[in-house]
Amino acid sequence: MSLSQGATVFCIQRLSDKGWDCIADNLNLLEARAKATLWSQEHAAAFRVVSLDQSDMQFLCRDGVILVDLSEPADLAAALEGQPSVLMEDISWKILAEAN
């Protein structure tokens, strides 16, 4: 989904005992990352930023600490070819499980 200007929009999700719950949407990436980091510190919880269609995770933090930041690709060549370098769901659950 996109804003009228063509920019991708994102939502912030909080991890609960029932899974990921969307708590804010229609945000640009920078705004979503900043809010997720702040809220994760304030609420001692895990938050992630995903594209509004929930197809791609961009950012994951817990207790104010950035655990994963995929908003800047680690492998630019692969990203330009459209090749994912990490399975987002797998890594987010693994990291949060290890953090507990």
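Residues numbered from 1 in each chain as written. Predicted model: local features only at pLDDT ≥ 70, side-chain atom pairs only at ≥ 80, totals over all residues. Heavy atoms only, no water.

Participant: I keep staring at the overall build of the protein chain and nothing clicks. Help me out?
Facilitator: Helices and strands together make up the secondary structure of the protein chain, namely three helices and five strands. Taken from N to C terminus, the helices and strands of the protein chain fall in the order β-β-α-β-β-β-α-α. Within the protein chain, buried positions represent 32% of all 100 residues. Contacts in the protein chain between residues far apart in sequence, at least 24 positions, make up 45% of those at least 6 positions apart. Here the protein chain has roughly 6,200 Å² of accessible surface; of this, 51% comes from carbon and sulfur atoms. (Helix = DSSP H or I, 4+ residues; strand = E, 2+ residues; numbered from the N terminus. Buried < 20%, exposed > 50% of the residue type's maximum accessible area, 1.4 Å probe, protein only. Contact = heavy atoms within 4.5 Å. Areas by Shrake-Rupley, 256 points an atom, 1.4 Å probe, with all protein chains shown as cover.)

Participant: Could you clarify how one ought to interpret the environment of Cys-11 in this entry?
Facilitator: For Cys-11, the location among the structural elements is in strand S1 (residues 10-16). Given the relative accessible area of 1%, Cys-11 is considered buried. On a C-alpha basis, the gap between Cys-11 and Cys-22 in space is 6.7 Å, while along the polypeptide they are eleven residues apart. Excluding anything up to four places from it in sequence, Cys-11 contacts Cys-22, Ala-24, Asp-25, Arg-48, Val-49, Val-50, Ser-51 and Leu-52.

Participant: What's the story with the pattern of salt bridges in this structure? I'm lost.
Facilitator: Counted by the stated rule, this structure contains two salt bridges. Residue Lys-35 is joined to Glu-31 by a salt bridge in which the shortest nitrogen-to-oxygen separation is 3.4 Å. Here Lys-35 pairs with Glu-31, and both are found in helix H1 (residues 29-43), just four residues apart, close to one helical turn. On the basis of relative accessible area, Lys-35 is assigned to the partly exposed category, the value being 30%. Among the salt bridges present, the one from Asp-69 reaches Arg-33, with a minimum N-O distance of 3.1 Å. (Salt bridge = Lys/Arg side-chain N within 4 Å of Asp/Glu carboxyl O.)

Participant: Whenever I open this one, the sheet that holds strand S4 (residues 57-62) confuses me. Can you help?
Facilitator: Backbone hydrogen bonds are what pair the strands of a sheet, in a parallel or an antiparallel way. Overall, antiparallel pairing links the five strands, which are arranged S2-S1-S3-S4-S5 in an open sheet. Two strands lie at the open edges of the sheet, namely strand S2 (19-27) and strand S5 (65-69), each paired on one side alone. In this sheet, adjacent strand axes meet at a mean angle of 20° when their direction is disregarded. Relative to strand S3 (residues 46-51), S1 runs antiparallel, the two sharing five bridges. From the neighbouring strand, Ile-12 faces S3, where its bridge partner is Val-49. (Pairing = 2+ DSSP bridges. Axes fitted to C-alpha atoms, helices over the stretch in contact; angles between N-to-C directions.)

Participant: Is there a simple way to explain the pairing of S4 in this structure?
Facilitator: For a regular strand, side chains alternate in direction, first toward one face of the sheet and then toward the other. Within S4, five of the six residues are buried, which leaves it mostly tucked inside the rest of the structure. Bridge analysis of S3 against S4 gives five bridges, and the strand direction is antiparallel. Looking across to S4, one finds that Val-49 is bridged to Phe-59. The hairpin turn running from S3 into S4, its antiparallel successor, is five residues long, and Gln-54 in that turn takes a positive phi close to 60°. Pairing between S4 and S5: four bridges, direction antiparallel. Across the sheet, residue Leu-60 finds its bridge partner in S5, namely Val-68. Count of turn residues in the S4/S5 antiparallel hairpin: two residues, of which Asp-63 carries a positive phi of about 55°.

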